[in-house]
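One letter stands for each residue in the lines below.
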Amino acid sequence: MLHHPVTPVSSYPQRFPATRARRLRRDDFTRALVREHALTASDLILPVFVLDGSNQVHEVASMPGVQRLSLDRLLPVAEACVRERIPVMALFPVIDAAKKTEDGREAMNPEGLVPTVVRELKRRFPELGVLTDVALDPFTTHGQDGLLDATGYILNDETVAVLTQQALVQAEAGVDIVAPSDMMDGRIGAIRDALEARRLIHTRIMAYSAKYASAFYGPFRDAVGSAGNLGKSNKKVYQMDPGNTDEALREVAMDLAEGADMVMVKPGMPYLDIVRRVKDEFRVPTFAYQVSGEYAMLKAAAANGWLDGEAVMIESLLAFKRAGADGVLSYFALDAARALNAR
């Protein structure tokens, strides 16, 4: 196949007034005609927080408009996702403190909260994709994503064994996508091998491949109830250093080699450069997570009248598409879909 050289933009005639860039910005139809990137409801994934019980609705103080919901109150949200053409809902469990243990064993309970919710969602809304988090922090008394040794260091291989069982429980419940968010080495390969061994060949893996040890996660930890357990500890021995970019590419390469179908960058807007590098390097389905701190900042600014809430919501989500993301996990997803579908 012949490859024709691409003429650099700088070589095109761009002399004023022969070239007037504003001609292509004159009216709505021209702007729409030449727009390079677009955001639609199908680009969005809605993260939700689910808890045990019935008729339970708990507001998350640090995330205005976000609630922890029992399954019965979550079902109308799932119905809204289908109606607004949001393709996937991501589940994050809020586990009763009495069920938390040092080893997070509740994560492997086939009758636990997550598999129970998955089964009901897939029964009622088979057309709605369901994604589940594979990590131990909602289930542990210490709030870490893995098992601890005697010094408090997070063990890798022992944690991977538990995560693999957690992923199998979720897959056997019927989840469409498992999303390991723990950042242990080798967990994608172990989970993929286990899924194949059980003939769960259609279960997709969206790997949190470049997950940074970020300060933007605070409201999320409030929402799932792990903030108090984590205390003054941090996750820097397994989540990535915010100063690194080449390392993100190595992480993505390893996860793809081990069987990931999709990869994710987290957080989102402060790491758009990572999204761009990942997409340019690998050309695979690439996602970004507009995390709780990003959501909380925009909501707070809008509540104070400092920003136009809907406008910055849509603009921030469009930025992910422009950076190369194929989709975005965002707590704005339902509001954004409504706004987009109304246009």
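My aim in this report is to walk through the structure given alongside it, one point at a time. (Residues numbered from 1 in each chain as written. Predicted model: local features only at pLDDT ≥ 70, side-chain atom pairs only at ≥ 80, totals over all residues. Heavy atoms only, no water.)

Core analysis: the largest hydrophobic core is formed by 111 residues, its most contacted members being F49, L74, M89, L121 and M206. Ignoring sequence-local partners within four residues, the contact set of M206 consists of I45, L131, I177, V178, A179, P180, M262, M264, F287 and L329. (Core = buried A, V, L, I, M, F, W, Y, C linked by side-chain atoms within 4.5 Å. Buried < 20%, exposed > 50% of the residue type's maximum accessible area, 1.4 Å probe, protein only. Contact = heavy atoms within 4.5 Å.)

What follows covers the environment of V60. Within the secondary structure, V60 is located in the loop between β2 (57-59) and β3 (67-70). On the basis of relative accessible area, V60 is assigned to the buried category, the value being 2%. Counting along the chain gives 28 residues from V60 to V88, while the straight-line C-alpha distance between them is 22 Å. (Helix = DSSP H or I, 4+ residues; strand = E, 2+ residues; numbered from the N terminus.)

All right, on to helix α2 (residues 71-83) then. Between its first and last C-alpha, α2 extends 18 Å over 13 residues, near the 18 Å set by a 1.5 Å rise per residue. What α2 keeps buried is the set L71, L74, L75, V77, A78, A80 and C81. Residues of α2 that are buried make contact with β1 (44-51), β3, β4 (88-94), α3 (113-124) and α12 (333-341). Following α2 by one or two positions, R85 has its phi on the positive side, about 65°. (Expected span 1.5 Å × (residues − 1).)

Our next topic: the packing of α3 against helix α4 (residues 157-173). Here α3 crosses α4 at 20°, and the two axes come no closer than 8 Å. Compared by their axis directions, α3 and α4 come out roughly parallel. Relative to α4, the crossing made by α3 is right-handed. Of the residues in α4, those in contact with V114, P115, V118 and R119 of α3 are V169, Q170 and A173. (Axes fitted to C-alpha atoms, helices over the stretch in contact; angles between N-to-C directions. Parallel < 35°, antiparallel > 145°, perpendicular 65-115°, else oblique. Left-handed = near helix turned anticlockwise from the far one by under 90°.)

This brings us to the pattern of salt bridges. Tallying each qualifying case throughout the model produces 20 salt bridges. Here E120 ties to R124 by a salt bridge, and the two come within 2.6 Å at their closest N and O atoms. On the criterion of helical spacing, the pair formed by E120 and R124 is a turn pair, its members being four residues apart in helix α3. Classification of R124 as partly exposed rests on a relative accessible area of 44%. Salt bridges here are not isolated pairs; linked through shared partners, they connect E120, R123 and R124. (Salt bridge = Lys/Arg side-chain N within 4 Å of Asp/Glu carboxyl O.)

For the pair α2 and α3, the least separation of the axes is 11 Å and the interaxial angle reads 40°. Judged on the interaxial angle alone, α3 and α2 are oblique. In the packing of α2 onto α3, the handedness of the crossing is right-handed. Counting all contacts with α2, which are made through L71, L74, L75 and A78, the residues of α3 involved are V117, E120, L121 and R124. Split into classes, the residues belonging to the contact of α2 with α3 amount to six nonpolar, no polar and two charged. (Nonpolar A, V, L, I, M, F, W, Y, C, P; charged D, E, K, R; others polar.)

Our focus in this paragraph is empty space enclosed by the protein. Applying the stated criterion across every chain yields a total of two cavities of 30 Å³ or more. A volume near 120 Å³ is recorded for the largest cavity. In this structure, the largest cavity is lined by 16 residues; those nearest its centre are D137, K211, Y217, F220 and K266. Looking at the lining of the largest cavity, the elements with two or more residues in it are β7 (204-211) and α6 (218-224). (1 Å grid on protein atoms, 1.4 Å probe; cavity = no way out; pocket = protein on both sides within 12 Å on 5 of 7 lines; lining within 4 Å. Points joined across faces, edges and corners; volume = space filled by probe spheres on them.)

Excluding glycine, residues mostly have negative phi values, and the peptide bonds linking residues are mostly trans. Cis geometry marks the peptide bond from F16 to P17, where omega comes out at 10°. Turning to its location among the elements, P17 is positioned in the segment before α1 (28-34). Cis rather than trans, the peptide bond between K266 and P267 has omega equal to -5°. Within the element layout of this structure, P267 appears in the loop between β8 (262-266) and α9 (272-282).

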